[in-house]
There are 2 protein chains.
Amino acid sequence: MILDIARRMLVDHGYRGLSMDRIADATEYSKGTIYQHFTCKEDLVIALSIQTMAKREEFFKRAAQFQGRTRERIVAIGVAEDLFVRLYPHHFRSEQIVRMSSLSEKTSPTRNDALEAIERRCLATVAEIVGEAIAHGEVTLRDGMNAEDICFTLWCMTLGAHTLMASEIPLAKRGVRDASKALRFGTQYLLDGMGWQPAMHAFDIGATVARIREEIFPEETALAFGPRNGEKLTNGRRHPSMS
Amino acid sequence: MILDIARRMLVDHGYRGLSMDRIADATEYSKGTIYQHFTCKEDLVIALSIQTMAKREEFFKRAAQFQGRTRERIVAIGVAEDLFVRLYPHHFRSEQIVRMSSLSEKTSPTRNDALEAIERRCLATVAEIVGEAIAHGEVTLRDGMNAEDICFTLWCMTLGAHTLMASEIPLAKRGVRDASKALRFGTQYLLDGMGWQPAMHAFDIGATVARIREEIFPEETALAFGPRNGEKLTNGRRHPSMS
DNA sequence: GGCTATTTTAGACAGGTCGTCGAAAACTGA
DNA sequence: TCAGTTTTCGACGACCTGTCTAAAATAGCC
């Protein structure tokens, strides 16, 4: 309950507007009580992060189970992350705060470890798909890169994209009309560049995304885009010229 | 002078250790004087960001002038960013603070605009290379992407990578031994994936990087890696099998 | 019910920070 | 020497985090 109120406060008034006094006020408890649950303000923010990261982990785990080729399952992870960001837009703010003042002396190690563990499991979920792809010969390691390095590049791309999208930089005014689309294709280019089979133009990504949304994230898709599954996927070609 | 002291304070003691009182103390001025130069604490941090961003702009402009094919010039931008991050490691911290509490009511619009302008010029520098590559036919736009979208994907990748590297996440323990290397190759994969000529294996990237460092950033390279230009570039193959 | 022990809660308090403001000091120019 | 102007100063109010003791609520037992 405390976390729910704190989250709303963070979303509405930013980090500066998040004060322990005001939380105490809003929860009808007093400060002493709040501080019995959280060692400090950052600890509370970490607790918020843990909640959303747990959701992300769930999304990733579900996405990884999509029935399809490894490349499609990577796309599924992308869909999961996209939905996650849409449904929990405040997460990045919390994450930024955590990143900024973590290592922070006072935060309870228990929570810190918990957060780290979830993050690690998220990464492992992706690494597993990469490993499988390597085993199946759908991608081949080159240049001294390993599976984790591959994950890292994907991670960089999505993290960077969402950081920029969540920031106040007016991307549209910088000529980037549809950042989500750019991210989607950028990821595909990256996968193509590492030679991950099947190549981008060899399958219908739009159809795959639609299937993932229907089969794995029906409710989340409805929540994020409205019940009519409104977003139009501009995917270049919808009918692949090669099968 | 104020900024120099503030920067050192930020680097040494983090954002929490950066206090206006302590700055006043260290500068031998008083708080009132400090506040005549900066409207608030964030304004001061923005001023720090402007200084480093100006340096980044200079680096980018110089990199863009590298004599070579467009793809090599993109590599030059990568080298510039790499050196920039190495020489001004605190920049990301400031940037994060700015991002977090920007839009912030009180920061002087002058500085905000100045920072935005520099950032825009950095992006434009890259966009220009992309435009030239398109004009030369070294890369072809597909999937409804434009030059800015291409820049965006590159931006995402580097931003994400440096955010992760600057964070306290122990990448090495996550299996990412050399994040810089992973970023370097990830970028190449991305360029390959968009079909940017010449492809990665068709030229000696290591040699290009060495040339860029020698010709464009000799002093900066010495500062960042020591006078012996110590970093070994693990570039898969050093002697290209195809010319 | 009555009574004690334990847990939970409350909110005053100390320490610290940001940002303001009127007064003091320094400087300028004749 | 002196009036006008600019710069500097540091005390002050408001706020926020985190602590700590006293009061309230609860549980356990007869």
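On a predicted model such as this, the values are computed, not experimentally measured, just so you know.

Parameters at a glance
Residues numbered from 1 in each chain as written. Chains lettered and ligands numbered in written order. Predicted model: local features only at pLDDT ≥ 70, side-chain atom pairs only at ≥ 80, totals over all residues. Heavy atoms only, no water. Contact = heavy atoms within 4.5 Å. Buried area = accessible area lost by both parts, 1.4 Å probe. Salt bridge = Lys/Arg side-chain N within 4 Å of Asp/Glu carboxyl O. Polar contact = N/O pair within 3.5 Å; in protein donor to acceptor, adjacent residues only side chain to side chain. Helix = DSSP H or I, 4+ residues; strand = E, 2+ residues; numbered from the N terminus. Nonpolar A, V, L, I, M, F, W, Y, C, P; charged D, E, K, R; others polar. pLDDT = per-residue confidence, 0-100. Axes fitted to C-alpha atoms, helices over the stretch in contact; angles between N-to-C directions. Parallel < 35°, antiparallel > 145°, perpendicular 65-115°, else oblique. Left-handed = near helix turned anticlockwise from the far one by under 90°. Buried < 20%, exposed > 50% of the residue type's maximum accessible area, 1.4 Å probe, protein only. Phe/Tyr/Trp six-rings, centres within 6.5 Å; stacked < 30°, edge-to-face > 60°. Lys NZ or Arg CZ within 6 Å of the ring centre and 35° of its normal. Near = heavy atom within 4 Å.

Brief notes about the interface of chain A and chain B
Tallying the contact residues gives 52 residues for chain A and 52 residues for chain B. Taken over both partners, the interface formed by chain A and chain B buries close to 4,900 Å², and the fraction arising from carbon and sulfur atoms is 65%. On the chain A side of the interface with chain B, the three residues burying the most area are Met100, Arg174 and Tyr189 of chain A, jointly 16% of the side's total. Across the contact surface, chain A and chain B share 6 salt bridges. Between Glu119 of chain A and Arg174 of chain B there is a salt bridge, with the nearest N and O atoms lying 3.0 Å from each other. Where chain A touches chain B, the interface holds 10 residue pairs in polar contact (both at pLDDT 80 or more). Listing elements by their share of the side of chain A that touches chain B, those giving two or more residues are helix H6 (91–101), helix H7 (109–136), helix H8 (147–166) and helix H9 (179–193) of chain A. Of the residues forming the side of chain A that touches chain B, the biggest block, 12 residues, is contributed by H8 of chain A. Within the side of chain A that touches chain B, the residues separate by chemical class into 24 nonpolar, 11 polar and 17 charged.

A few points about the confidence of the model for chain A
Residues shown with low pLDDT carry predicted positions that ought not to be read at fine detail. All names here are of chain A. Per-residue pLDDT for chain A has a mean of 90; in total, 91% of the residues score no lower than 70. When mean pLDDT is taken per element in chain A, H9 scores highest with 98 and H6 scores lowest with 81. Here residues 234–243 is modelled with pLDDT under 50, and outside its nearest four sequence neighbours on either side it reaches 15 contacts, counting other chains as well.

Quick notes on the packing of helix H5 (residues 70–87) of chain B against helix H7 (residues 109–136) of chain B
All names here are of chain B. It is the contact of H5 with H7, at a shortest axis distance of 9 Å, that shows an interaxial angle of 165 degrees. Comparing the axis directions of H5 and H7 gives the class roughly antiparallel. With respect to the hand of their crossing, H5 and H7 are arranged in left-handed fashion. Residues Thr70, Arg73, Ile74 and Ile77 of H5 form the contact with H7, whose own contacting residues are Val126, Ile129, Glu132 and Ala133.

Notes on the packing of helix H1 (residues 2–13) of chain B against helix H2 (residues 20–27) of chain B
Relative placement of two packed helices is described by the angle separating their axes and the distance separating the axes. All names here are of chain B. At their nearest, the axes of H1 and H2 sit 10 Å apart, and the two run at 125 degrees to each other. If you check the angle between H1 and H2, you find them oblique. The chirality of how H1 crosses H2 is right-handed. When H1 is examined against H2, the residues Ile2, Ile5, Ala6, Met9 and His13 are found in contact with a partner set consisting of Arg22, Ile23, Ala26 and Thr27.

Details of the environment of Ile134 of chain A
All names here are of chain A. Mapped onto the elements of the fold, Ile134 is located in helix H7. Overall, the relative accessible area of 28% leaves Ile134 in the partly exposed class. Between the alpha carbons of Ile134 and Ala114 there is a distance of 30 Å; along the sequence they are 20 residues apart. With residues up to four places along the chain from it excluded, the contact list for Ile134 reads Val139, Leu141 and Ala147.

What about the packing of aromatic side chains?
Residues and elements named next belong to chain A. Going through the model one piece at a time under the given rule, you end up with 6 aromatic pairs over all chains. When the centroid spacing of 5.3 Å and the interplanar angle of 45 degrees are considered together, the rings of Phe59 and Phe217 count as tilted. On the criterion of sequence distance, the pair formed by Phe59 in helix H4 (residues 41–64) and Phe217 in the loop between helix H10 (205–215) and helix H11 (218–225) is long-range, its members being 158 residues apart. Each of the two residues, Phe59 as well as Phe217, counts as buried. The ring centre of Tyr15 lies 4.1 Å from the NZ or CZ of Lys41, which sits over that ring.

Let's talk about the protein's contact with DNA strand D
With respect to spatial proximity, 15 residues lie near DNA strand D, and among them Asp21, Lys31, Lys41 and Lys106 of chain A together with Gln36 of chain B are the closest. Backbone polar atom of Ser30 of chain B to a phosphate oxygen of DNA strand D: 3.0 Å apart, as the coordinates give it. A distance of 3.2 Å separates a phosphate oxygen of DNA strand D from a polar atom in the side chain of Thr33 of chain B. If one sorts the elements of the surface near DNA strand D by residue count, helix H3 (residues 31–37) of chain B sits on top with 3 residues. A breakdown of the residues in the surface near DNA strand D according to their chemical character gives 5 nonpolar, 5 polar and 5 charged.

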